[in-house]
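Report on the structure
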Amino acid sequence: MRNLASIQKIKALEPIENADAIQKATVLGWQLVVKKGEFEVDDLCVYCEIDSLLPDRPEFEFMKPRGMRVRTIRLRGQTSQGICFPLSILPEGTPIVEDTDMTDILNIQKYESPMPANLIGIAKGAFPSFLPKTDETRVQVLQELLDKYQGEPCYIAEKLDGSSVTYYLKNNVFGVCSRNLELLETPDNALWKVARTLEIEEKLRALGANFALQGELIGEGIQGNKYKLKGTTVRFYNVFDIGNYKYLDFEDFIAFIKKLELEAVPILNTNYKLNNDIPQLVELSIAKSQLSDVQREGIVIRPLVERQDTIGRVSFKVINPEFLLKFE
């Protein structure tokens, strides 16, 4: 579960050109704007990540014009992602320990964009317990992991802005899932329509084994169709071996997708040595999409050979701040 609000340390403070009242702060791997004089380096604060929905409290009154949602913004040319609050916003008696999650204590919710009817569908049940969900951790909270795997041979894929979908075959049962639910087949559900158009069930059955495909549904009717596609399709980014409960390594993943005559997400680099500098990784994310003349949502970086660590799978996303400024 993502910690939307937590106790964190101000790691650095830097001036902003032509700005007398504000300065740039670094918290975890995030960079944001704070009032000059409000914090000192090494101070603890309550940091709220982007996509936090703040409750209706006097301390957060200034957020009402923004719908109480913490977004990526730009002030005096400086991109700011998140908000720092003094510890005084915490209830009296709250233990002050760095990295402690304050999301529930402050009643902060996660912003979720409305989902169109053609993607919601009718729930068959919860997301299957025998499959991992598709959520990726943001790089800004993974400095220790980056330090540990610095230099690891990785590949970089484009993160597409669509709707997450999982198709699986387990013990002769075919299933279709959104990010959080398994869905019944209905005539108007886009996830099932694409499955039928691409003959995904038939292709999985022909393998004679239990596998899941995870990808991003893109096209008409999805996230404003930023890629200007005709119709709807899916680009895959994971193949999961259900029987052995593991993801396929990169080369096996690509071979698997080709064998099924499906398409992977755009692969940007297959020989990337992992860099542990978060600002440089954010810069790496800023570019146009491979699918259209539009800022890409970001990138996903993974080892060429699958790794497991304390966060689970070693895999993370780097969201393009220019994309967030334009579309979020």
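Our subject is the structure listed above.
Remember, predicted model here, so these are calculated numbers, not experimental data.

**Focus: the pattern of salt bridges**
On inspection of all chains with the given rule, the structure shows 22 salt bridges. Residue Asp135 is joined to Arg179 by a salt bridge in which the shortest nitrogen-to-oxygen separation is 2.7 Å. One end of the pair, Asp135, is in the loop between β10 (123–126) and β11 (137–138); the other, Arg179, is in the loop between β14 (173–177) and β15 (181–183), with 44 residues separating them in the sequence. Looking at Asp135, the relative accessible area reads 52%, which means it is exposed. The structure contains a network of salt bridges with shared partners spanning Asp51, Arg69, Arg138 and Glu328.

**Some thoughts on the sheet that holds strand β16 (residues 211–219)**
Two pairing modes exist for strands in a sheet, parallel and antiparallel, and in both the strands are linked by backbone hydrogen bonds. Pairing is antiparallel in the open sheet, where seven strands are placed in the order β10-β15-β14-β13-β16-β17-β18. Each edge of the open sheet is held by one strand with a lone partner, namely β10 and β18 (246–247). As judged from the two bridges shared by β14 and β15, these two strands associate in the antiparallel manner. By the bridge assignment for β15, Val176 is matched with Leu183. Running over the sheet, helix α3 (residues 190–197) touches β13 (163–170), β14, β15, β16 and β17 (232–241) and is turned about 135 degrees from β14. Each of β16 and β17 touches helix α5 (residues 250–259); the most contacted strand, β17, lies at about 130 degrees to it.

**Some details on the sheet that holds strand β1 (residues 5–15)**
The strand order across the open sheet formed by five strands is β3-β2-β1-β4-β8, and the pairing between neighbours is antiparallel. Edge positions in the open sheet fall to β3 (30–35) and β8 (83–85), since each of these has one partner strand only. The sheet shows a mean angle of 50 degrees between the axes of neighbouring strands, taken without regard to direction. Both strand β2 (residues 22–27) and β3 contribute to a ladder of six bridges, which runs antiparallel. The residue of β3 that forms the bridge with Thr26 is Gln31.

Cut-off values and rules
Residues numbered from 1 in each chain as written. Predicted model: local features only at pLDDT ≥ 70, side-chain atom pairs only at ≥ 80, totals over all residues. Heavy atoms only, no water. Salt bridge = Lys/Arg side-chain N within 4 Å of Asp/Glu carboxyl O. Helix = DSSP H or I, 4+ residues; strand = E, 2+ residues; numbered from the N terminus. Buried < 20%, exposed > 50% of the residue type's maximum accessible area, 1.4 Å probe, protein only. Pairing = 2+ DSSP bridges. Contact = heavy atoms within 4.5 Å. Axes fitted to C-alpha atoms, helices over the stretch in contact; angles between N-to-C directions.

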